[in-house]
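# Residue-level structural notes
Each chain is listed here by its residues.
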Amino acid sequence: MVSKQILEDLKKGSAIRAMFVEGKALAERMGAENVYDFSLGNPCTPVPEAYTKAMLDIIREEDSLSIHGYMDNAGYPQVRKLVADSLNQRFGTDFDEGNILMTAGAAGGINVILRTLLEPEEEVMVFVPYFTEYRNYCQNWRGKLVEVNPDYDTFLPDFTDMERKLSPKTKAVLINNPVNPSGVVYTEEVIKKIAALLEKKQKEYGHEIYLISDEPYRELVFDGKSVPFLTHYYKNTLVAYSFSKSLSIPGDRIGYIVVPKEMADYETVFAGLSIANRIIGFVNAPALMQKTVARCLYERTDVEFYDQNRKLIYGELLKLGFTCVKPEGTFYLFVKSPVPNEKQFVEAAKKHHILLVGGSTFACPGYVRLAYCVPYETIERSLKAFAALAEEFGLGEHRAQ
């Protein structure tokens, strides 16, 4: 018999993956061109040619044992040094290989961090709406998730609610910047507010509170926005990064953790992360992928492609009467459901062959997430279906959020 926890997880399942599977089945019945699947955040821009070339060159040039064998738990030192150098160049930091630990994506990195930091029942704070898997990651290591409400006008954190919910049990605050699912970017002003509040509470409680920044969408920002690099603002910061979105390689599972040496008890934390990377079962980040991304640290996906999609879908939905949070980053659009129960709206959308993910998945009922990482033509074809959906719910003119 499997564990009670897994049985509970099976009941909950993944609404995002379930919708993706449902979309595949619908496409087989109706034809892919007649289904508008906005459910899964799967990048659709081409993998940079330099990435494919680098992988092939490594396979041809290097000894097979050197690209398929074990290495330090933290990853190849030379790869970590190159990652550190790239961050120094971009963000004015002063990192070396001792600040970087290679991981199996950002998801793997977050689990490594939580395994290293958490005692049972210690609290991890998140900001609503948040990536649904955070709850599972926290639960993996017997932590307790604490949700901070947003300001629904801006979808930035409600700092009064945050301060009220910080407690002596708070071990970490986990943020996602830019935010999946809202597309909001936390500015320098927002980061400074978070840092100031955590500094205050660290002194009050007499122990460290870690700030964990999940940044797979760091490069996907629009309108001249930029994502502040958090180690400049708060010493007890760990940054989890993934190349999944910046290089369109989500299945390759490669990323890293940044650990600043200014962090309290840095040496023990870094050693703990390295051990956690092994004992959780990753052992180390994929060897070939480490070497490949090391040659592609300045390559980027086609952000302009996503920006064009963003402008089209956001602008057209506004015209149809939908209320949307204007995305500043990621490739997601957060749309207010025209009825209180967004599940009713999601089901209605299916009748028009539109696949969306309910906001309850992100602890934010009353909204739906639309992933516009699809071909531009898919959005164009979907507009008639959205028009019919808007008419069904009697939508008219409104203002954007």
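Before going into details, it helps to say that this report is about the structure given with it. Only a predicted model underlies this, so the values are computations on that prediction, with no experimental measurement involved. (Residues numbered from 1 in each chain as written. Predicted model: local features only at pLDDT ≥ 70, side-chain atom pairs only at ≥ 80, totals over all residues. Heavy atoms only, no water.)

## A look at the packing of helix α6 (residues 105–117) against helix α10 (residues 266–279)
At a minimum axis distance of 8 Å, the contact between α6 and α10 shows a crossing angle of 120 degrees. Of the two possible hands of crossing, α6 and α10 adopt the one that is right-handed. Packed against α6, whose contacting residues are Val112, Ile113, Arg115 and Thr116, the element α10 presents Val269, Gly272, Leu273, Ala276, Asn277 and Ile279 at the interface. Here the contact of α6 with α10 is composed, by residue class, of six nonpolar, three polar and one charged. (Axes fitted to C-alpha atoms, helices over the stretch in contact; angles between N-to-C directions. Helix = DSSP H or I, 4+ residues; strand = E, 2+ residues; numbered from the N terminus. Left-handed = near helix turned anticlockwise from the far one by under 90°. Contact = heavy atoms within 4.5 Å. Nonpolar A, V, L, I, M, F, W, Y, C, P; charged D, E, K, R; others polar.)

## Quick notes on the sheet that holds strand β7 (residues 170–176)
Strands belonging to one sheet form pairs held by backbone hydrogen bonds; the direction of such a pair is parallel or antiparallel. Read from one edge of the open sheet, seven strands run β2-β10-β9-β8-β7-β3-β4, paired in mixed fashion. In the strand order of this sheet, the two ends are held by β2 (100–103) and β4 (144–148), each with one partner. Sheet twist, expressed as the mean angle between neighbouring strand axes with direction ignored, is 20 degrees. Where strand β3 (residues 123–127) meets β7, four bridges bridge the pair, whose relative direction is parallel. In the strand pairing of β7, methionine 125 is matched with valine 173. Sitting on the sheet, helix α5 (residues 77–91) touches β2 and β10 (255–258), and the angle it makes with β2 is about 115 degrees. Packed onto the sheet, α6 meets β2, β3, β7, β8 (210–214), β9 (237–242) and β10 and runs at close to 155 degrees relative to β9. (Pairing = 2+ DSSP bridges.)

## Section: the nonpolar core
Phe127, Met162, Val173, Leu198, Leu238, Val259 and Leu273 are the most contacted members of the largest nonpolar core, which totals 60 residues. With seven residues, the top contributor of residues to this core is helix α9 (residues 188–205). Apart from the residues within four sequence positions on either side, valine 173 is in contact with Met125, Phe127, Met162, Leu166, Leu198, Ile209, Tyr210, Leu211 and Ile212. Phe345, Leu356, Val368 and Tyr372 belong to the second-largest nonpolar core, a separate cluster that totals 36 residues. (Core = buried A, V, L, I, M, F, W, Y, C linked by side-chain atoms within 4.5 Å. Buried < 20%, exposed > 50% of the residue type's maximum accessible area, 1.4 Å probe, protein only.)

## A short note on the pattern of salt bridges
Per the stated rule, a full pass over the model turns up 24 salt bridges. Between arginine 164 and aspartate 161 there is a salt bridge, with its nearest N and O atoms 2.6 Å apart. Placement of the pair is arginine 164 and aspartate 161 together in helix α8 (residues 159–165), with a separation of three residues, close to one helical turn. Between aspartate 161 and lysine 165 there is a salt bridge, and its shortest N-O distance comes to 3.0 Å. Taken together, the residues span about one helical turn, with aspartate 161 and lysine 165 both in helix α8 at a distance of four residues. Take aspartate 161: its relative accessible area is 2%, and that puts it in the buried class. (Salt bridge = Lys/Arg side-chain N within 4 Å of Asp/Glu carboxyl O.)

## Some words on helix α3 (residues 49–61)
End to end, α3 covers 18 Å across 13 residues, agreeing with the expected 18 Å (1.5 Å per residue, within 8%). Among all positions in α3, only Tyr51, Ala54, Met55, Asp57 and Ile58 are buried. Down the axis of α3, the smallest arc covering the buried residues is 165 degrees, so these residues share one side. Turned more than 90 degrees off the buried face of α3, the exposed positions are Glu49, Lys53 and Arg60. (Expected span 1.5 Å × (residues − 1). Arc of directions from axis to C-beta.)

## Some details on α5
With 15 residues, α5 ought to run about 21 Å at 1.5 Å a step, and its terminal C-alpha atoms sit 21 Å apart, in line with that. Contact partners of the buried residues in α5: β2, β10, α10 and α11 (287–294). Looking one or two places after α5, you find glycine 92, whose phi comes out positive at around 65 degrees.

## With respect to the packing of aromatic side chains
The geometry of an aromatic ring pair is captured by the separation of the ring centres together with the interplanar angle, meaning the angle of the planes. One pass over the full model with this rule turns up 24 aromatic pairs. A ring pair is formed by tyrosine 134 and tyrosine 137, whose centres lie 6.4 Å apart and whose planes are at 55 degrees; its orientation type is tilted. With tyrosine 134 and tyrosine 137 both in helix α7 (residues 133–140) and three residues apart, this pair spans about one turn of that helix. Summarising the burial analysis for this pair, tyrosine 134 and tyrosine 137 share the class buried. Relative to tyrosine 332, the ring of tyrosine 217 lies with its centre 5.6 Å away and its plane at 75 degrees, an arrangement referred to as edge-to-face. Of this pair, tyrosine 217 sits in the loop between β8 and β9 while tyrosine 332 sits in strand β12 (residues 332–336), and the two are 115 residues apart along the sequence. Looking at tyrosine 217, the relative accessible area reads 4%, which means it is buried. Here tyrosine 332 falls in the buried class, since its relative accessible area comes to 2%. (Phe/Tyr/Trp six-rings, centres within 6.5 Å; stacked < 30°, edge-to-face > 60°.)

## Here's the deal with the pairing of β12
Most of β12 sits inside the fold, with four of its five residues counted as buried. Pairing of strand β11 (residues 324–325) with β12 involves two bridges; the strand directions are antiparallel. Note on β12: the bridge partner recorded for cysteine 324 is valine 335. Hairpin remark: β11 followed by β12, antiparallel, with six residues in the connecting loop; positive phi at threonine 330, about 65 degrees. Direction of pairing for β12 relative to strand β15 (residues 367–371): antiparallel, over a ladder of five bridges. Its bridge partner being in β15, leucine 333 is matched across the sheet by leucine 370.

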